[in-house]
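Each chain, letter by letter, is given below.
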Amino acid sequence: MLPESKQRVVITGLGVLSPVGIGKEAYWKALLRGQSGIDRLTRFDSSLYDSKIAGEVKDFVPEQFLDRKEIRRTDRFAQFGVAAAKLAVGDAALELGEEDPENIGVVIGSGIGGIETLCEQHSVLLSKGPNRISPFFIPMIISNMAAGQIAICLGPKGPNFTVVTACASGANAIGEAYLMLRRGAAEVILAGGTETPIVPVAMAGFCSMKAVSTSNDEPQRASRPFDKNRDGFVISEGAGVLVLETLGHASARGARVYGEVAGYGCTADGYHISAPEPEGTEAARAIRIALEDAGISPDRVDYINAHGTSTELNDKIETLAIKKVFGDHAYKVPVSSIKSMIGHSLGAAGALEAIACALSVSTDWVPPTINYEQPDPECDLDYVPNQARQCPVRVAVSNSFGFGGHNAVLVIKKFEG
Amino acid sequence: MADLNDQAIFEKVRSIIVEQLGVEENAVALETSFEAMNADSLDIVELIMALEETFGIEIPDEAAEKLLTVGTAVEYIKANS
């Protein structure tokens with residue numbers, strides 16, 4: 001339970017770039033409709049690749065968010081970050097000009113930063129030599145630059161940093177922002193994640209690890225978390241930014257509140273660079289820590305937004321971890337993975353999923369796990385198969401587990417004053 | 001590029017500036033300084049690189065430091081290509 005002196009943290013704005021839509025309205029509508037954003041790859045020629053599918057963000061027009069000069073000096077991942085931040089601030093009706101910028105921080109996660117620019121410039125190095133490398137190269141590729149650019153483009157001068165924990169980056173970013181707000185280091189923090197990894201060498205790397213789905217003939221059915229015939233995750237891109245505020249600051253300006261960040265748990269498997277620890281011990285512990293932090297017992301959880309990548313190992317071990325924490329209640333609580341629809345956006349995933357949880361607690365709707373056709377005996381929970389479900393969601397738990405064994409869990413609850 | 005006249009050089013330089021600095025074409029005249037177009041140090045380096053590539057010349061650092069306006073850049077290119 002929080003001591004009296006600690007601030008409560010609420011979510012007041014949501015900014016989304018996803019394979020199923022840009023903006024929270026399009027995003028939520030698509031998720032509840034069970035729409036897939038996965039299709040054949042268009043960002044590069046994938047003929048030589050085992051996996052030829054991805055969740056690309058459609059119709060992103062950088063000029064809607066940045067001027068020409070800014071676009072030239074930002075990698076796609078930073079463009080996405082700035083765009084999502086602007087959408088979130090707009091959604092929150094947060095007038096930055098009327099706020100003290102020193103009180104507004106930025107914490108944005110990214111797994112790999114500006115890899116697209118890195119690869120393009122490396123080709124220049126090989127073909128034209130070192131003297132032709134862009135002077136913008138370093139600032140464009142470094143992973144902190146989405147957070148840096150958000151400050152440059154929007155003006156916040158509060159604590160500003162990037163969290164890198166692979167597929168848990170977005171969740172860790174939100175968790176760390178929550179801790180800072182709770183202790184009063186800022187009054188508002190733009191928190192989330194951004195990732196644009198759909199580039200040849202990254203895809204080749206994931207293919208080589210046999211981590212990604214090769215169900216190329218039916219792209220929309222390829223991401224099938226918890227299903228018996230799942231064959232790997234589908235790589236995708238995206239960005240999610242949440243406006244987090246102390247309750248005091250949000251109330252003072254009459255902000256609309258989606259939900260409250262009530263708990264955060266963070267542990268490490270300390271096991272393997274890519275495989276989860278088979279007993280899910282530390283994953284379970286991260287869930288427990290988050291719930292204890294929130295002062296909420298497992299039986300009060302109404303929805304679990306799973307990491308649910310559609311890999312053999314994650315889905316099985318995550319199921320085990322859920323059972324360890326929830327016992328019998330594991331069989332009663334709906335568990336769904338929106339990666340079934342938007343694929344795995346790596347550093348952005350935790351943020352996009354937290355946004356889904358915020359919308360879930362504020363609307364009492366739970367998005368489905370689509371493509372659920374054949375149950376797996378080792379994954380025997382209620383995964384909200386194929387159809388969204390309307391049910392009271394007072395407490396949602398969001399799991400994110402990253403390569404390297406990084407476990408990050410958030411508890412988001414309905415705001416009731 | 002020896003047969004390019006002043007106007008042709010200016011137009012090429014202008015199109016590079018418009019693309020890289022995000023300014024409008026009619027804001028670029030011979031007297032316009034790069035500073036006035038909000039070019040920072042990284043912009044200048046990129047501009048010099050683009051001029052080198054476009055006109056097939058080398059612009060050493062000491063010379064580059066003196067190119068403060070569109071006009072001086074055009075003159076340098078004419079003298080060295």
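Residues numbered from 1 in each chain as written. Chains lettered and ligands numbered in written order. Predicted model: local features only at pLDDT ≥ 70, side-chain atom pairs only at ≥ 80, totals over all residues.

**Digging into the domain arrangement of chain A**
Residue and element names in this part refer to chain A. Segmenting chain A into domains produces domain 1 (10–252) and domain 2 (265–409). Using only C-alpha atoms to locate each centre, domain 1 and domain 2 end up separated by 21 Å. For the side of domain 1 that touches domain 2, the secondary structure elements donating two or more residues are strand 1 (9–18), helix 1 (24–33), helix 7 (169–182), strand 7 (188–195) and strand 8 (238–246). Looking at the side of domain 1 that touches domain 2 element by element, the count peaks at seven residues for helix 7. Classifying every residue of the side of domain 1 that touches domain 2 gives 27 nonpolar, 24 polar and eight charged. (Domains from an automatic or database assignment. Helix = DSSP H or I, 4+ residues; strand = E, 2+ residues; numbered from the N terminus. Nonpolar A, V, L, I, M, F, W, Y, C, P; charged D, E, K, R; others polar.)

**Thoughts on the packing of helix 1 (residues 6–21) of chain B against helix 2 (residues 41–55) of chain B**
Residues and elements named next belong to chain B. Where helix 1 contacts helix 2, the two axes come as close as 11 Å, and the packing angle between them is 140°. Taken as a pair, helix 1 and helix 2 cross one another with a handedness that is right-handed. On helix 2, the residues touching Lys12, Val13, Ile16, Gln20 and Leu21 of helix 1 are Asp43, Glu46, Leu47, Ala50, Leu51 and Thr54. In terms of residue class, the contact of helix 1 with helix 2 is made up of six nonpolar, two polar and three charged. (Axes fitted to C-alpha atoms, helices over the stretch in contact; angles between N-to-C directions. Left-handed = near helix turned anticlockwise from the far one by under 90°. Contact = placed C-beta atoms within 7 Å.)

**Overview of the interface of chain A and chain B**
The interface is formed by eight residues belonging to chain A together with seven residues belonging to chain B. Its residues assigned to classes, the side of chain A that touches chain B shows two nonpolar, one polar and five charged.

**Observations regarding the nonpolar core**
Residue and element names in this part refer to chain A. Residues Ala88, Ile174, Ile189, Leu242, Leu244 and Ala358 are the most contacted members of the largest nonpolar core, which totals 120 residues. Shared between two domains, this core holds at least three residues of each, these being domain 1 (10–252) and domain 2 (265–409). If sequence neighbours within four positions are ignored, Ala88 has contacts with Gly13, Leu14, Gly15, Leu190, Val241, Leu242 and Val243. By size, the runner-up hydrophobic cluster in this structure holds 16 residues, among which are Ala54, Ile115, Ile198 and Val199. (Core = buried A, V, L, I, M, F, W, Y, C linked by C-beta atoms within 7 Å. Buried ≥ 20, exposed ≤ 12 C-beta atoms within 10 Å, placed from the backbone.)

**Thoughts on the pairing of strand 5 (residues 104–109) of chain A**
Counting buried positions over the six residues of strand 5 of chain A gives six, a clear majority of the element. Residues Ile104, Val106 and Ile108 of chain A line one face of strand 5 of chain A and the alternating positions Gly105, Val107 and Gly109 of chain A line the opposite face, and both faces are buried.

**Thoughts on the environment of Tyr258 of chain A**
Residue and element names in this part refer to chain A. Inspection of the secondary structure puts Tyr258 in the loop between helix 10 (247–252) and strand 9 (259–268). With 247 residues separating them along the chain, Tyr258 and Ile11 place their C-alpha atoms 5.5 Å apart. The contacts of Tyr258, once residues within four sequence positions are left out, are Ile11, Thr12, Leu14, Ala358, Leu359 and Ser362.

**Quick word on the pairing of strand 8 of chain A**
Residues and elements named next belong to chain A. Among the nine residues that make up strand 8, nine are buried, leaving the element largely enclosed by the rest of the structure. In the sheet, strand 1 pairs with strand 8 via eight bridges, with the strands oriented antiparallel. The residue bridging Leu17 from the neighbouring strand is Ala239, located in strand 8. With eight bridges connecting them, strand 7 and strand 8 associate as antiparallel partners. Paired with Ile189 across the strands is Leu244, a residue of strand 8. (Pairing = 2+ DSSP bridges.)

**A word on the environment of Lys157 of chain A**
Residue and element names in this part refer to chain A. Secondary-structure assignment places Lys157 in the loop between helix 6 (145–154) and strand 6 (160–163). For Lys157, a count of 13 C-beta atoms within 10 Å corresponds to the partly exposed category. Along the primary structure Lys157 and Pro101 are separated by 56 residues, whereas in three dimensions their C-alpha atoms are 5.2 Å apart. Setting aside residues up to four positions removed in sequence, Lys157 forms contacts with Pro101, Glu102 and Ala151.

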